[in-house]
Each structure stands twice: as structure tokens, then as C-alpha cells.
Amino acid sequence: MELTQLEEILSCLKGERTLFRYSRDTYALQLLRDYIGAGMKPAELRQSPYANLLHKPLVKSVLALAGKGALKPQHLDWIEAEQTALNFVLTLDQWGTERNSQRHYRQLSRTGYQLVLQLNFANDHQQQYQQWIKQADCAEFSYWSHPVVKTGRYETLAWVRIDLDFAANQALIEEAQSDWIRRVKSAYLQRYHPQLTEYRERVLKPYAQIWDEAALAAAIRLIRHDLGIKEIFYNSFETGNLMKGISDNLPPRSLYSDLPQKFAFKLTDEIPKFLQDLRHTQQVLRKQKQGARWYKLPNKEFIDVEEKAAA
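Please read all numbers here as calculations on a predicted model, not as lab measurements.

Caption draft 1: Region of interest: the overall build of the chain. Counting its regular elements, the chain contains 14 helices and eight strands. Structurally, the chain occupies a C-alpha span of about 65 × 50 × 40 Å along its principal axes. The burial tally for the chain puts 52% of its 311 residues in the buried class. Sequence-distant contacts, at least 24 apart, represent 75% of the contacts inside the chain between residues at least 6 apart. Surface exposure of the chain reaches about 15,600 Å², of which carbon and sulfur atoms provide 46%.

Below, the structure is given as C-alpha cells:
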């Protein structure tokens, strides 16, 4: 997107801080809450794109509350409130370039700017972290060339880069990444922080288990509820790497296959509208034998339209 548009978004949404609580699998409750509206019969949900979520123990508890009646948002709220959650602080930033020659270096599907959602540790983690890792610099386990908080006010666990187009009513989740998790495992850094193993096992472990879920759940909430965008795409591994010009040091495949599939994203040959007319998109289409593919999150309004068209 253009820088002026991004700056407008940041000026509207960039506040003091946004607290975000997350526990494992509560993304399923969030997706169902968005899908069912005022309420929906479980039988209808079993025929929906979110049917696989109904097998999760957390969702089964919700269905038990609904009984033979419709599943309603308050059922989801009650179960979510009972979960023990990790605390985070969300912040927003920007990433990108106006120079086409820098597009691959910045790993962008198109030249321009992107919104960055940063998932930061809250104070409860920071207190424990500082007990184990003493005299650490700010962003100690982050790469400073990446879109992380560098002021020392927060430590960034993970971030999500988002490109979007309000006219098309579409957003693309370009990247989800965590330097912190990977670098804490580094044997190289162990020499500087002898208690790194204890910190990793006693403090960081629960965060390491859910960071990707939490980051994607927060990004979807931002896109749908704060930005009001309904269609959400997510890069697949092969197409995303080609679009961003990544040929070595490839990202973990699971972040561009297992993670979106967990959230019920479906593979599609539909191209986000703001990428369709780009020359390098056409080049990627020719390079992939079966064509370029993205993931797309099911949305009830668009599913209804497609079903009526098919009828």
C-alpha cells in the first residue's frame, strides 16, 4: 500500500497500548464467533468450512453449553473466560520501501508499505525474564533489521506483516515470524547468557508453544474488526517465496502450510486483486506448474454469495 495510507491507519489505530490475552486453541473460538453471527445450529456448523474446529476439546465444551439449541456468542465467551491465558501487548509499526530494486531485499510481494502487528511480551514475562537474563540489551534476542520494537519499552516475541487494499476489501498476510524463539535456542548466545537454558524451559516454553497461533489470531482480529476488511489471504510456501524473491534461507514451511490450515484457510488459485496486474505475479504464475496459489480464510458472506451463484 502507499505510505500515506499506512500513515493514516497508524494515526487512527496507534494508541498507548493494546492488551491481548491468549490461550491455546482460543483462535477456534474467535473464528466461530465471527462466523456464527447472532447464533447458528451445530448441524449447520458441521457443514461449514470450520467443521474441523468442532473436534477440538475447547469447542466441544462450547457445544455442550449450547445443547440442542443454537450456538451463540455468549457460549464462546463463557468458555474463553475460563481459560488460563498468557498476556501480551500489541503494537503497530510499518515496513516496506518505495524502491522496486529493494522489494526482494525487504521480502515484499509488491513494492510499497505494509502494516506490522507486533506481539510483545507483557510485564509478567518481563519480570521473570530479567531475573534469569541479567544485563541484557533491549531486543537481545531479535534481529534489529527486522520490524521489532527497539526502544526497550517492550520485547517483541513475534510479528505479522500485512498488505491490504481497502478498495478491494482484501488483506494479505505476508509474513509471520519470531526471532525470539529461534535465537533463544542458539548455542552461540549461551556463552553470553549462562542461564539461557533455564529461562527457555522455565519461562519461555509456554510462549514457544503458542506464539504462532497468538500472532495470527491477533492479526485476523485486527484485519476484521479494526480495519473492517472481510477477505483475508495468506501466502503459501511456494508462491510466497517466489513472490518475495526468497531463494535461500527459506522460512519454516509449517508457517505457510500447517498454520493457515489450522485456522481453516483454504488453498485457492484466486489472486488477491492488488497483485493481479503486477508483472512479476504473471512471472510467478508461469514458473509454478500448477499455478500460483494462496490461502484464503472462509467468510460467511462470501460463501453465501458463492452458493447462490452455483445454484
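Caption draft 2: Region of interest: the packing of aromatic side chains. The full count for this structure, using the stated rule, is 13 aromatic pairs. Here the basic side chain of R106 rests over the ring of W95, its NZ or CZ set 4.6 Å away from the ring centre. Across from the ring centre of Y143, 4.6 Å away, lies the NZ or CZ of R183, which sits over that ring.

Caption draft 3: Representation of the nonpolar core in the model. Among the nonpolar cores identified, the biggest contains 79 residues, and F88, L157 and Y199 are the most heavily contacted of them. Ranked by residue count, the leading element in this core is helix α9 (residues 196-226), at 16 residues. The contacts of L157, once residues within four sequence positions are left out, are F88, L119, N120, F121, S178, D179, W180, I181, Y207 and W211. Grouped together as the second largest cluster of nonpolar side chains are nine residues, L172, M243, I271 and W294 included.

Rules of the game
- All residue numbers here refer to positions counted from 1 along the written sequence of the relevant chain.
- Predicted model: local features are reported for residues with pLDDT of at least 70 only, side-chain atom pairs are reported and counted for 80 or more only, and whole-chain, interface and lining totals are derived from all residues.
- Side-chain metrics rest on all non-hydrogen atoms present in the structure, leaving aside hydrogens and water.
- Helix and strand assignments follow DSSP, with helices taken as H or I runs no shorter than four residues and strands as E runs no shorter than two, numbered in order from the N terminus.
- Exposure classes here rest on a 1.4 Å probe applied to the protein chains alone. A residue is buried below 20% of its type maximum, exposed above 50%, and partly exposed in between.
- It only takes one pair of heavy atoms within 4.5 Å for two residues to be counted as in contact.
- All accessibility values rest on the Shrake-Rupley procedure with a 1.4 Å probe; residue burial counts only the protein chains present in the view.
- In this scheme Phe, Tyr and Trp rings, the latter by its six-membered ring, pair at centre separations within 6.5 Å, and the angle between planes marks the pair as stacked below 30 degrees, edge-to-face above 60, and tilted otherwise.
- Charges are assigned to positions over rings by a cutoff of 6 Å between ring centre and Lys NZ or Arg CZ, combined with an angular limit of 35 degrees from the ring normal.
- The term nonpolar core refers to a set of buried residues drawn from Ala, Val, Leu, Ile, Met, Phe, Trp, Tyr and Cys, joined through side-chain atoms within 4.5 Å.

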